[in-house]
Amino acid sequence: MKRFRPLRADRGYDAALLRGIARGDQAALAAFYDRHAGWLHARLARRCADAETVREVLQDTFVTVWRSAGSYRSGEAGGWLWVIAARRLVDAQRAQARAERVVHEPPAAVPSAEDSALGGLEYGDVGTALDRLSPELREVLRATVIDGLTTREAAQLLGIPEGTVKTRAMRARRELRAVLGQLGNAATTPWGGLA
Amino acid sequence: MKREQVGPGGPAWHVDEAMSRRYADGSLPEPDAWSLEKHVEACGRCASAVSAAVRATGTAGPLLEDVRGALLRTVAEEAPGEGAGATERKRGAGARRSPLRPSAGRRGVAVRPASASLPGRLARTVWAAGPALRGAWGVALLVVCAGAVALAYGAGFLAARSVFFALAPVLPLAGVALSYGPYADPMYEISAAAPSGGLRLLLIRTTAVLGVSLPLLTAVGALLPAPPGVPGAAAWLLPGLALTVGTLALGSCTGCRTAGALVAAGWAFAVLLPAAAHAPNGAPTPAVLAEQLGRCVSGSAAQSGWAAAALCCAGLLALRRRAFDFAPDHGPGSYLNRLENS
């Protein structure tokens, strides 16, 4: 099932702006900022309570866009921007937490995002199921599935050990599956790949 | 939020005004916010609508204006008259060094690493392309070539050319075996995980091995005195190629070292065993060895057989190309597992 298909003209506009930025066009950067800074700020603010960090990450993200617009190839400009911002946010959290935190053992490779899960997000059932999750589980699910972070990055962002991220992610999935099963639709939603 | 479904090809939904407003002031419940966030990543129109809604809020609006000013000042200072893309390329990963302080990054612009000269880069590429070339194999290759010439001209050993040709097809195999794998390359785990790892890297290294060994061995073969019956200097090229490609194809199942050993053993059996059987006292004479070599590589039938074998193995290799992305011996008791468990 197709979730959505953005208008071609809009995607072309962002790509054109990024090409302009890659050439060093400051007006293009300003236009790109106006189009994307708002949602990026709101999204960062939902994930980080400290306004100063959000501000630094926001500015740093767009400075990075200015410097590395040449590395943007094609595809979703917003997604590309979010990848940069999410990494910056994790870095910022780590820099803040470095003094207090113990070093953990190296992480195991863990798949981060699940597209199949996103396929179901516009269905009411999944929304209901997510609503019933506890906030900690939802936070972990958001970091790993929606924000596309690895277990390690999610742990740094949320300030919890990696093992906890893994167990919470597992519990979140189990509970989601149970709720979806109760709703009687588990077999018919595109959410079947959830394991 | 509209959730009605449009047919495939049309957007299923877009963010409406009320939803943008609630997202901007933080009152949108989590699941809906997730949908909006994923949608905004892909849809420029909704991205700009949500951004406008966030700008309209009391807290974020002034901050966004502030950051905009700071950003444009940073950018104006940073690259007067220079393309941003070019800056990034020269600075490489420098931007990543200072996640929090763009000012530190700005200083980094002034310190550009001098780009390496062409010979320097070439030398680095060759160094990286052939772990075999700079190790024991390179020495072995030189010893065989020097030994053959010394035996033929210094000691007057008549069979030098036959023995040399019996060895020549196996030498590149040894190089391939030493080029890729946990036992040969200290960087193996890292390079296997890199996007350019796997078969691509193995082929580059094989090319380096062949690029050195083929011209050298052919030239030395041509230099050696040719008694009658010994195949010509270029006759071993196709068998050598077929054996090398065969090693690669077999290596996709067993790993390059085992494959190289198996193929080399096969070649030795095919050439030496019949020669030893024909010899009166068990030790093959030069003439018998030359005759057996001739049967194996001379003539259009043998050569086209080798060519067909090379093509066949190349096809197999193409079919199994994904196999090199996973360490062939990455199972219980493998080198990697031993490393992890130690």
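Residues numbered from 1 in each chain as written. Chains lettered and ligands numbered in written order. Predicted model: local features only at pLDDT ≥ 70, side-chain atom pairs only at ≥ 80, totals over all residues. Heavy atoms only, no water.

Labelled according to an unreviewed UniProt entry, chain B appears under the name Zf-HC2 domain-containing protein, originating from Streptomyces inhibens.

Looking at an unreviewed UniProt entry, chain A carries the name RNA polymerase sigma factor, with the source organism given as Streptomyces inhibens. As stated in UniProt under Sequence similarities (unreviewed entry), the record for chain A gives "Belongs to the sigma-70 factor family. ECF subfamily." (UniProt positions renumbered as here; feature names shortened; annotations may be inferred.)

So, on to the overall build of chain B. Across its full length, chain B holds 17 helices and zero strands. The buried share among the 342 residues of chain B stands at 45%. In chain B, the share of contacts with a sequence separation of at least 24, taken over all contacts with a separation of at least 6, comes to 64%. Accessible area for chain B stands at about 16,900 Å²; split by element, carbon and sulfur atoms hold 66% of it. (Helix = DSSP H or I, 4+ residues; strand = E, 2+ residues; numbered from the N terminus. Buried < 20%, exposed > 50% of the residue type's maximum accessible area, 1.4 Å probe, protein only. Contact = heavy atoms within 4.5 Å. Areas by Shrake-Rupley, 256 points an atom, 1.4 Å probe, with all protein chains shown as cover.)

Turning to the packing of aromatic side chains, a few remarks are in order. Residues and elements named next belong to chain B. Per the stated rule, a full pass over the model turns up five aromatic pairs over all chains. Look at F164 and F165: their rings are 6.0 Å apart centre to centre, the planes differ by 65°, and that puts the pair in the edge-to-face class. The class of F165 is buried, set by a relative accessible area of 3%. (Phe/Tyr/Trp six-rings, centres within 6.5 Å; stacked < 30°, edge-to-face > 60°.)

Next up on the list: the confidence of the model for chain B. All names here are of chain B. Chain-level pLDDT for chain B is 75 on average; 78% of the residues reach the 70-or-more range. Per-residue pLDDT, averaged within each element of chain B, yields its smallest value for helix α6 (residues 102–110) (38) and its largest for helix α16 (residues 299–319) (90). This model gives residues 1–10 a pLDDT under 50, and the stretch forms 20 contacts once residues within four places in sequence are excluded. pLDDT under 50 marks residues 81–114. Its contacts with residues more than four places away, or in other chains, come to 48 contacts. (pLDDT = per-residue confidence, 0-100.)

What follows concerns the UniProt feature "domain: Putative zinc-finger" (unreviewed entry) in chain B. UniProt records the feature "domain: Putative zinc-finger" (unreviewed entry) for residues 23–47 of chain B in the present numbering. Taken as a whole, residues 23–47 of chain B contains 76% helix and 0% strand, while its terminal C-alpha atoms sit 12 Å from one another.

All right, on to the environment of V126 of chain B then. Tracing the backbone through its elements, the reader meets V126 of chain B in helix α7 (residues 118–129). Sequence separation of V126 of chain B and A208 of chain B is 82 residues, and the distance between their C-alpha atoms is 7.6 Å.

A word on the environment of G255 of chain B. All names here are of chain B. Within the secondary structure, G255 is located in the loop between α13 (237–254) and α14 (256–278). You can call G255 buried: its relative accessible area is 5%. With 78 residues separating them in the primary sequence, G255 and A177 have C-alpha atoms 8.3 Å apart.

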